[in-house]
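# A look at the structure
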Amino acid sequence: MTIFESILLGIIQGIFMFFPVSSTSHLVLTQHWLIQQGSSLPSPESAEMILFDLIVHVGTLISIAVVFRRSLSRFLAQVWRDLAQLLSEWRSQPGQFKGLTSLLVPTHPREGDRLYLRLAVLGLLSVFVTGLIGFPMRSLFKEIFAHPLAISVTLTITGILLWYTDRKLRQPRGLRQITPWVATVIGIGQGLALMPGLSRSGMTISFALFVGLKRQWAAEYSFFIAFPTILGATALQLIDVLRADSLTLEFLPLFIGFLVAAVVGIGALQIVLNFLYKARFRYFSYYLWVLAIIVAWGGHQRSVCSGLTETVLGET
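Read on for an overview of the structure. Residue positions are given per chain, counted from 1 along the sequence in the order it is written. Only residues with pLDDT of 70 or above have their local features reported here, since the model is predicted, and side-chain atom pairs are shown and tallied only from 80 upward, although totals for entire chains, interfaces and linings are computed over all residues. To obtain the side-chain values, all non-hydrogen atoms of the structure were used and water was disregarded.

## Looking at the overall build of the protein
Helix and strand assignments follow DSSP, with helices taken as H or I runs no shorter than four residues and strands as E runs no shorter than two, numbered in order from the N terminus. Check the secondary structure of the protein and you find 14 helices and 0 strands. Going from N to C terminus, the protein has its helices and strands arranged as α-α-α-α-α-α-α-α-α-α-α-α-α-α. For every residue, the accessible area obtained with a 1.4 Å probe (protein chains only) is divided by the maximum for its type, and the residue is called buried under 20%, exposed over 50%, and partly exposed between those limits. In the protein, buried positions account for 51% of the 316 residues. Counted over contacts in the protein with a minimum sequence separation of 6, partners at least 24 positions apart contribute 80%. Using the Shrake-Rupley algorithm and a 1.4 Å probe, accessible areas are obtained, with residue cover drawn only from the displayed protein chains. Accessible area for the protein stands at about 15300 Å²; split by element, carbon and sulfur atoms hold 66% of it. In this analysis, two residues are considered to be in contact whenever any of their non-hydrogen atoms come within 4.5 Å of each other.

## As for the packing of aromatic side chains
Centre-to-centre distance and the angle between the planes together describe a pair of aromatic rings. Put simply, two rings from Phe, Tyr or Trp (the six-membered ring, in Trp's case) pair if the centres are within 6.5 Å, and we call them stacked under 30 degrees between planes, edge-to-face over 60, tilted for the rest. With the rule as written, the count across this model stands at 18 aromatic pairs. Ring geometry for Phe-75 versus Tyr-116: centroids 6.2 Å apart, planes at 65°, classification edge-to-face. Of this pair, Phe-75 sits in helix α4 (residues 69–92) while Tyr-116 is found in helix α6 (residues 115–142), placing the two residues 41 residues apart along the sequence. An aromatic cluster of three or more residues is present, and its members are Phe-16, Phe-19, Trp-163, Phe-275, Phe-281, Tyr-283, Phe-284, Tyr-286, Tyr-287 and Trp-289.

## Let's talk about the packing of helix α2 (residues 23–36) against helix α3 (residues 47–67)
Fitted lines through C-alpha atoms serve as axes, helices being fitted only where they are in contact, and the angles separating the N-to-C directions of these axes extend from 0 to 180 degrees. At their nearest, the axes of α2 and α3 sit 12 Å apart, and the two run at 135° to each other. Classified by the angle between their axes, α2 and α3 sit oblique to one another. Handedness of the α2/α3 crossing: right-handed. Contacts between α2 and α3 involve Ser-23, Thr-24, Leu-27, Val-28 and Gln-31 on the former and, on the latter, Met-49, Asp-53, Val-56 and His-57. Here the word oblique covers every angle except those under 35 degrees (roughly parallel), over 145 (roughly antiparallel) and from 65 to 115 (roughly perpendicular). By convention the crossing between two helices is left-handed if the near helix lies anticlockwise of the far one by an angle smaller than a right angle, and right-handed if it lies clockwise.

## Observations concerning the environment of Thr-165
Here Thr-165 lies in helix α7 (residues 148–165). For the pair Thr-165 and Gly-202, spaced 37 residues apart in sequence, the C-alpha to C-alpha distance is 9.8 Å. Dropping the residues within four chain positions of it, Thr-165 is found in contact with Ser-206, Leu-209, Phe-210, Arg-215 and Phe-281. Of the polar contacts made by the side chain of Thr-165, one reaches the backbone oxygen of Leu-162; its length is 2.5 Å. Under the rule applied, a polar contact is a pair of N or O atoms within 3.5 Å (in protein, one hydrogen donor and one hydrogen acceptor; residues adjacent in sequence only if both atoms are side-chain atoms).

## Section: the environment of Met-203
Of note, Met-203 is situated in helix α9 (residues 200–210). Residues Met-203 and Gln-190 lie 13 residues apart in sequence; the distance between their C-alpha atoms is 6.1 Å. With sequence-adjacent residues up to four places away left out, Met-203 is seen in contact with Leu-161, Gly-189, Leu-192, Ala-193 and Leu-198.

## A closer look at the nonpolar core
Here, nonpolar core means buried Ala, Val, Leu, Ile, Met, Phe, Trp, Tyr and Cys residues that are tied together by side-chain atoms lying within 4.5 Å of each other. Formed by 71 residues in total, the largest nonpolar core has its most connected members in Phe-18, Ile-64, Ile-178, Tyr-221 and Phe-223. Those residues in contact with Ile-64 that sit more than four places away from it in its chain are Phe-18, Arg-69, Phe-223, Ala-226, Phe-227 and Leu-269.

## Some points on the side chain of Thr-204
Locating Thr-204 in the fold gives a position in helix α9. Looking at Thr-204, the relative accessible area reads 0%, which means it is buried. Polar side-chain contacts of Thr-204 include one of 3.2 Å to the backbone oxygen of Ser-201. Side chain to side chain, Thr-204 and Ser-222 meet in a polar contact 2.5 Å long. The residues touching Thr-204, leaving out its near neighbours within four places in the chain, are Ile-186, Gln-190, Ser-222 and Ile-225.

## A few points about helix α12 (residues 251–277)
Between its terminal C-alpha atoms α12 stretches 39 Å, which fits the 39 Å expected from 27 residues at 1.5 Å a residue. We define the bend at each residue as the angle formed by axes fitted to the 7 residues ending at it and the 7 residues starting at it. Taking the largest bend as the criterion, α12 deviates by roughly 30°, centred on Gly-265. Remark: Ala-279 follows α12 within two positions and exhibits a positive phi of approximately 55°. Any helix carries an expected span of 1.5 Å times its number of residues minus one.

## Section: α9
Counting buried residues in α9 gives 10 out of 11 residues, a clear majority hidden from the surface. Those residues of α9 that sit buried are Arg-200, Ser-201, Gly-202, Met-203, Thr-204, Ile-205, Ser-206, Phe-207, Ala-208 and Leu-209. In the segment just after α9, Gly-212 is the residue with positive phi, at about 95°.

## Topic: the packing of helix α1 (residues 3–16) against α12
One can describe the packing of α1 onto α12 by two numbers: an axis separation of 7 Å at closest approach and a directional angle of 30°. Remark: the crossing between α1 and α12 carries right-handed chirality. Residues Ile-3, Ser-6, Ile-7, Gly-10, Ile-11, Gln-13, Gly-14 and Ile-15 of α1 pack against Leu-252, Pro-253, Ile-256, Gly-257, Val-260, Ala-261, Val-264, Gly-265 and Ala-268 of α12. Under the grouping applied here, Gly and all other residues not named as nonpolar or charged are polar, the nonpolar ones being Ala, Val, Leu, Ile, Met, Phe, Trp, Tyr, Cys and Pro and the charged ones Asp, Glu, Lys and Arg. For the contact of α1 with α12, a count of residues per class yields 11 nonpolar, 6 polar and no charged.

## A look at a nonpolar patch on the surface
To count toward a patch, a residue needs a relative accessible area over 30% and no salt bridge; like charges are then connected within 9 Å, while nonpolar side chains (Val, Leu, Ile, Met, Phe, Trp, Tyr) are connected within 5 Å. Salt-bridge detection follows one rule: a side-chain nitrogen of Lys or Arg within 4 Å of a carboxyl oxygen of Asp or Glu. Together, Ile-3, Ile-7, Phe-251, Leu-252, Phe-255, Leu-259 and Val-263 make up an exposed nonpolar region whose accessible area comes to about 640 Å². Every element with two or more residues in the nonpolar patch is listed here: α1 and α12. No other element matches α12, which puts 5 residues into the nonpolar patch. Judged by its relative accessible area of 42%, Leu-259 falls in the partly exposed class.

Purely geometric numbers; function is a separate question.
Structure below.
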C-alpha cells in the first residue's frame with residue numbers, strides 16, 4: 001500500500017463513517033477501484049486490508065471523542081461518581097439496596113436519580129441487543145452480497161428512513177426518558193445495520209428518533225454506543241486477522257490511514273450533526289437512491305456484479 005492509497009482510504013473512511021450511507025461499502029468499493037486501476041493493493045478480503053479497515057475504523061472513534069469531548073468527559077466523570085455512590089450505599093445499607101431494576105426504572109424521575117450511570121447501563125443494553133441480533137445473523141447478512149437487487153433494496157430502505165426522520169419534528173424524550181425499551185429499539189436498529197446497505201449511524205439515529213428521542217440526544221446516544229460496539233467488533237476480528245500467516249502491511253500506511261480518518265472524521269461528523277439538527281437528512285436519501293439504482297443496474301452486468309455484490313456492506 002502506498003502513502004497516497006492510505007491517505008485516500010483514510011479520507012473515504014473519515015467521510016462515510018459518519019455520513020449515514022454505509023462507510024464500509026464505500027471503503028471496499030474504493031479498494032476495488034484502485035486495484036482495477038493497476039494498484040498492487042491486497043484484495044479487500046485479505047487479512048492485510050481487513051486489518052487496515054479495522055485501524056481506520058478505530059481512527060474515526062477519535063473523531064467522536066474530539067467532537068463530543070465535553071459531553072464525553074462529563075459523562076465519564078458522572079458515571080464514576082454515580083458508581084462510587086452506588087457502591088457506598090450498597091456497603092453501608094445492603095438490606096436497602098434496590099439493585100439494577102431501580103437504576104434502570106427509577107420510581108421517581110428525580111429522587112435518587114443516577115442519570116449517567118443509568119445511561120451507561122442502557123448503552124450496554126443496546127450493545128447487548130445488537131450482539132444478540134448481529135452474531136447469529138451475520139452469516140445470513142453476508143449472503144446478501146451475492147444479490148445486488150437485495151442490496152439496492154436495503155439502500156433504498158435506508159434512504160426512506162432518513163427521509164422520514166426529517167418529518168419527526170417534535171421529539172418529547174430527553175435523556176431522563178430513555179427507558180430499557182428505547183435502548184432495546186436502538187440496539188435492534190444497530191444490529192440490523194450489519195445487513196449490507198444499511199448504515200449504522202443512519203439506523204441508530206433513525207430508530208432513536210422513531211421512539212421519540214430528541215435530535216441532540218439521538219445523535220449523542222448513537223455515537224456513544226459506537227465505542228463499545230466498534231471496539232468489541234474490532235477486537236473479535238483482530239483475533240482472526242492476527243492468526244494469518246502473512247501480514248505484509250507496514251506500520252506507516254496504517255498510521256497515516258488512522259490519522260487521516262480521525263482528522264477528516266471530525267469535519268464529517270460536524271457536518272452530519274448540522275444536517276441532523278436542521279432536519280436535512282433527506283439530502284443523504286437522494287444519494288442513497290442513486291447508489292441503489294447503480295447497484296441494481298450493476299447486478300445485470302457480469303463485470304460490474306463481481307465488484308459490487310461483494311462489497312456493499314452497511315456496518316456504520
